[in-house]
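# Overview (structure and organization)
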Amino acid sequence: MLVKRSFEVNDFRSIQQQEDGKTKRVEGHPAVFNSETSIGGWFTEVIERGAFDECDFDDVLFFVNHETRKIPLARSRRNNSNSTMRLKIDNTGLFIEADLDVENNQESRQLCSSIERGDITGMSFMFRIKEQKWENLDTPNPTRRILKISKVYEVSAVNTPAYEKTDINARDKEALDNAKLALDNARSQELDNSNALEIYKLKNQILEKAGN
């Protein structure tokens, strides 16, 4: 299941790269470690430090508002220095810097202008979870800890992050539906494990009685 999360990015900015004005760089953190995120009011989510270790960054695209049918504004191929986007992991989380062609691409010019004016302050990324841990599933607000992310597919600048710091965009119905399904599956699995444990205990009790 693909997961999409939106973040309010305090350090999202646009920087002039060349004196001739042909290129501008946008940079910021689309993902933050150890920050509690309320997912639709159903559960709290935390991206653990180390979640991006061994993550596949071979081909990551940069869009605006996840408009993946459009031409990407930047792209990271195998995360090398020659790509128009680079990604790295630092103490805060996942950091990206993307070089945008503001001379020939109108959407790049519009995006940089919106970032500089403070009209766009959010980032979002689409990824796949490899390893996770659920806590307190028997409570109204359990916690999902994302331990490992297997792949990042794309990063977007977004104009509607729901809340300050980090949170899922409440207007994204598909992301909300996927989050609710993940919680339902986790609770179902825990119930199955609990039932299996009770059956195991019952069998042992029967065997003990038969042995006596």
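Residues numbered from 1 in each chain as written. Predicted model: local features only at pLDDT ≥ 70, side-chain atom pairs only at ≥ 80, totals over all residues. Heavy atoms only, no water.

### A closer look at the sheet that holds strand β3 (residues 23-32)
Put simply, the rule reads: Strands were regarded as paired on the criterion that DSSP finds at least two bridges between them. Segments assigned H or I by DSSP are reported as helices when at least four residues long, segments assigned E as strands when at least two residues long, and all are numbered from the N terminus. Axis geometry follows a simple rule: fit a line to the C-alpha atoms, using only the stretch in contact for helices, then measure angles between N-to-C directions, giving values from 0 to 180 degrees.
Pairing is antiparallel across the open sheet formed by 4 strands, whose spatial order is β2-β3-β9-β8. Two strands in the sheet have a free side with no partner beyond their single neighbour: β2 (13-16) and β8 (85-89). On average, adjacent strands in this sheet sit at an angle of 20° to one another, irrespective of strand direction.

### Here we look at the environment of Asp119
Counted only if it meets this: Relative accessible area decides the class of each residue, using a 1.4 Å probe on protein chains only: under 20% of the type maximum gives buried, over 50% gives exposed, and in between gives partly exposed.
Topologically, Asp119 is positioned in the loop between α1 (106-117) and β10 (122-135). Under the relative-accessibility criterion, Asp119 is labelled partly exposed at 43%. Sequence-wise, Asp119 and Asn159 are 40 residues apart; in three dimensions their C-alpha atoms are separated by 7.3 Å.

### Remarks on empty space enclosed by the protein
The line we're drawing: Definitions used throughout: a 1 Å grid over protein atoms alone; a cavity as a set of points that fits a 1.4 Å probe which cannot get out; a pocket as an open set with protein on both sides within 12 Å along at least five of seven lines; a lining residue as one with an atom within 4 Å of a point. Grid points are joined across faces, edges and corners, and a volume is the space filled by probe spheres set on the points. The residue classification treats Ala, Val, Leu, Ile, Met, Phe, Trp, Tyr, Cys and Pro as nonpolar and Asp, Glu, Lys and Arg as charged. All others, Gly included, are polar.
Scanning the model with the defined rule gives 2 cavities of 30 Å³ or more in all. What the second largest cavity holds in volume is close to 30 Å³. As for the second largest cavity, its lining consists of Phe63, Val64, Glu67, Lys70, Ile71, Leu73 and Glu107. Among the residues making up the lining of the second largest cavity, the classes are represented as 4 nonpolar, no polar and 3 charged.

### Things to note about the pairing of strand β11 (residues 143-158)
Across 4 bridges, the pairing between strand β5 (residues 43-47) and β11 is parallel. Within β11, the position partnered with Ile47 by the bridge is Ile146. As paired elements, strand β6 (residues 59-64) and β11 share 4 bridges and run parallel to each other. Looking across to β11, one finds that Leu61 is bridged to Glu154. With 13 bridges connecting them, β10 and β11 associate as antiparallel partners. Opposite Met123, over in β11, you have Ala157 as the bridge partner.

### Focus: α1
The line we're drawing: Multiplying 1.5 Å by the helix residue count minus one yields the expected span of that helix. For this quantity, the arc is that covered by the directions from the helix axis to the C-beta atoms. We call two residues in contact whenever any of their non-hydrogen atoms come within 4.5 Å of each other. Here a polar contact is recorded for every N or O atom pair within 3.5 Å, except that within protein the pair must consist of a potential hydrogen donor and a potential acceptor, and residues adjacent in sequence are included only if both atoms are side-chain atoms.
With 12 residues, α1 extends 17 Å between its outermost C-alpha atoms, agreeing within 8% with the 16 Å of an ideal straight helix rising 1.5 Å per residue. Residues Ser108, Leu111, Cys112, Ser114 and Ile115 constitute the buried set of α1. Around the axis of α1, the buried residues are gathered within 160° of arc, so they sit on the same side. Tucked inside the fold, the buried residues of α1 contact β2, β3, β6, β9 (93-101) and β11. At the N-terminal end of α1, a side-chain oxygen is found 2.9 Å from the backbone nitrogen of Glu107, two or three residues along, and the residue is Asn105.

Any functional reading would require information beyond the geometric quantities listed.
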